[in-house]
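# Structural features, examined
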Amino acid sequence: MFTDLKSLHSEICSEDITDLFDRDPDRAATFSVRHETLLFDYSKTRITSRVRTGLTTLCEKRGVAAKRDAMFLGGRINETEKRAVLHTALRDPEGPELLVDGEDIRRPLRETLERMEDLARRVRSGAMQGPGGAFTDVVNIGIGGSDLGPVMATLALAPYHDGPRCHFVSNVDGAHIHDILQRIDPRTTLVIVASKTFTTVETMTNAGTARRWVEAGGGDPAQQFLALSTSEEETEAFGIPQEHVFGFEDWVGGRYSVWGPIGLSVMLAVGPENFRAFLAGGKSMDDHFLSAPWERNMPVMLALTGIWHNQVCGYPTRAVLPYDQRLRRLPAYLQQLEMESNGKSVAMDGSALPFPSGPVVWGEPGTNGQHAFYQLLHQGTSVIPAEFLVAAMGHEPELAHHHKLLVANCLAQSEALMRGRGLDEARARMRAEGYEGAELERQARHRVFPGNRPSTTLIYPQLTPYVLGQIIALYEHRVFVEGVILGINSFDQWGVELGKELANTLAPLLAGETSPDGKDGSTRALLDYVRGTKG
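Overall, mixed pairing links the six strands, which are arranged β1-β2-β15-β14-β12-β13 in an open sheet. On the outer flanks of this sheet lie β1 (32-35) and β13 (360-362), each paired with one strand and no other. With strand direction ignored, the average angle separating the axes of adjacent strands in the sheet is 15 degrees. Where strand β12 (residues 317-323) lies against strand β14 (residues 386-391), five bridges are found, and the strand directions are parallel. What sits directly across from L321, in β14, is F388. Running at roughly 25 degrees to strand β2 (residues 38-41), helix α15 (residues 298-312) makes contact with β1, β2, β12, β14 and β15 (455-460) of the sheet. Seen against the sheet, helix α18 (residues 400-419) touches β12, β14 and β15 and runs at an angle of roughly 155 degrees to β14.

To continue, consider the pairing of strand β9 (residues 189-194). In terms of burial, β9 is largely enclosed, as six of its six residues are buried. Because side chains alternate across β9, one face comprises the buried residues T189, V191 and V193, and the other comprises L190, I192 and A194, equally buried. The pairing of strand β7 (residues 137-141) with β9 spans five bridges and is parallel. Paired with V139 across the two strands is V191, which belongs to β9. Bridge count for β9 against strand β10 (residues 225-228) is four bridges, and the pairing is parallel.

In this section: unusual backbone geometry. Each neighbour pair has its own omega, and for G366 with T367 the value is 10 degrees, a cis peptide bond. Topologically, T367 is positioned in the loop between β13 and α17 (374-379). Even without being glycine, F198 reaches a positive phi, approximately 60 degrees. Residue placement: F198 occurs in the loop between β9 and α10 (201-216). For N452, which is not a glycine, the phi torsion comes out positive at approximately 60 degrees.

Inspection of the entire model under this criterion finds 36 salt bridges. Residues K67 and E79 are paired through a salt bridge, measuring 3.7 Å at the closest nitrogen-oxygen approach. Remark: E79 occurs in the loop between α5 (64-72) and α6 (87-90) and K67 occurs in helix α5; sequence separation between them is 12 residues. Put simply, R318, E338, E387, R478 and E482 are held in one network by salt bridges that share partners.

Now for the packing of helix α7 (residues 106-125) against helix α14 (residues 272-291). Where α7 meets α14, the closest approach of the two axes is 10 Å, and the angle between their N-to-C directions is 145 degrees. Here α7 contributes L113, E117, A120, R121 and R124 to the contact with α14, which in turn contributes P272, E273, F275, R276 and L279. A per-class count over the contact of α7 with α14 returns five nonpolar, no polar and five charged.

Another aspect to go through is helix α1 (residues 3-12). For α1, the set of buried residues is L5, L8, H9 and I12. The buried residues of α1 occupy an angular sector of 105 degrees when the element is viewed end-on, so they sit on one face. Residues of α1 that are exposed and point over 90 degrees away from its buried face: T3, S10 and E11. The secondary structure elements touched by the buried residues of α1 are α4 (49-61) and α15.

The probe, sized like a water molecule, is rolled over the atoms to show the empty space still left. Considering all chains together, one arrives at three cavities of 30 Å³ or more under this definition. Taken as a whole, the largest cavity holds about 60 Å³ of empty space. If you go around the largest cavity, the residues you meet are T305, G306, H309, N310, Y315, T317, R318, P359, P385, E387 and R478. Where the lining of the largest cavity is concerned, the elements lending two or more residues are α15 and β12. It is α15 that contributes the most residues to the lining of the largest cavity, four residues altogether. Residue composition of the lining of the largest cavity, grouped by class: three nonpolar, five polar and three charged.

Cut-off values and rules
Residues numbered from 1 in each chain as written. Predicted model: local features only at pLDDT ≥ 70, side-chain atom pairs only at ≥ 80, totals over all residues. Heavy atoms only, no water. Pairing = 2+ DSSP bridges. Helix = DSSP H or I, 4+ residues; strand = E, 2+ residues; numbered from the N terminus. Axes fitted to C-alpha atoms, helices over the stretch in contact; angles between N-to-C directions. Contact = heavy atoms within 4.5 Å. Buried < 20%, exposed > 50% of the residue type's maximum accessible area, 1.4 Å probe, protein only. Salt bridge = Lys/Arg side-chain N within 4 Å of Asp/Glu carboxyl O. Nonpolar A, V, L, I, M, F, W, Y, C, P; charged D, E, K, R; others polar. Arc of directions from axis to C-beta. 1 Å grid on protein atoms, 1.4 Å probe; cavity = no way out; pocket = protein on both sides within 12 Å on 5 of 7 lines; lining within 4 Å. Points joined across faces, edges and corners; volume = space filled by probe spheres on them.

Limitation: the analysis is restricted to geometry and does not speak to function.
Written out as structure tokens, the structure reads:
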């Protein structure tokens, strides 16, 4: 499928990216996409007009438009689980009738959103209280998509926080919940337990600990616990009244769920109006994705840039580098979104995938990363495409000089990755410092930067709820397009299951209740070590 593109890559792989700018003064405009106030610049890559034509042709050959339209209309595009994929409907509750199994899903979506807004307003105003008075803190207990989305969005929207303080517990490691609960009051804390089935082991273990903590501290779990779940039976057994339960359907995958009840902690922090703006930003990107031609379609071009770098150029990782401290959890969020979605080795028809699937996604916010791993980005032997994100202005006018320095660093890094520094320039620098002969040559070689390291930049005016919604929807659709082109199902995650199953068998072994017969030698030795360690 990628043969022609690989041949094209072979023709241009030795060409300097800077030469592309020299030949085309309008390259930055030609190889960028605008949507409303967002600008996605992919001109600092080796994508040319011929390459882009070849990439967009993949969209036609692989049926991206048909699959996209089927998703928005409720088709069961999650074929292995026989489910629709309709997280997009969560951000368009006022849209036209949308039928799933013969029933319009818009009405219950609106009702759930309105219930969330009513609760959020009562909590934020103090009308809904705990035994100790108005709620001062919210603890969201979840894992995976029930944690990464809300924690990322809540941190990102810190300038808009005017509600209770939000804390997030995900790890079953007792240190996580302990370190949070010891700082807050059990009588003024609202606990949200987020689990679709209400049986997720890590989440329910933490939920049980939180319930005991509330009870021991003089609180009332019936007043102070909310459930984000589809299981009425399990939530009732846990002691959560029905009016405190917010359900969502199986056509909303965990890593795509921040737009609905899983985002309740976000709404409590920033308020219903700002949450609605977040939804509106997502819908704006949906409308763009549905209507823009491939070359002017931001999610499509972001996806095709990823396909070019991973499947064609052979770069197996990508670095996500937000120059925005409040987006510090975005790389982790995108790790799950992309690697759980497209980390597959089997095509939709069950055959082995004949080419690499999704890349390894990782990153850190700038400028911290510059003092950590950028050395490898600039001078390492592996080429790692970098994806920069930056706002033109911050939220702190009195610290505008900080933000100018931040933006300058972001733009400088992408330029440095592309331009590099040749040996002649390095020699001249060392000569100016007084070096001569063999030592000049040695010192100069340490200061050579290969350059031609590709990067993209997503720039926006300011990180608002609306813009955050656009960014998250942009990356969701990027994952979808890449999955369709690769011919895989981006909406299941069977690879998560095996470890869970084995963990259930190991718990009684750790307690000495069963024999480790049948376990491998390494696992038996590790079990012996743990059981022999006295706490």
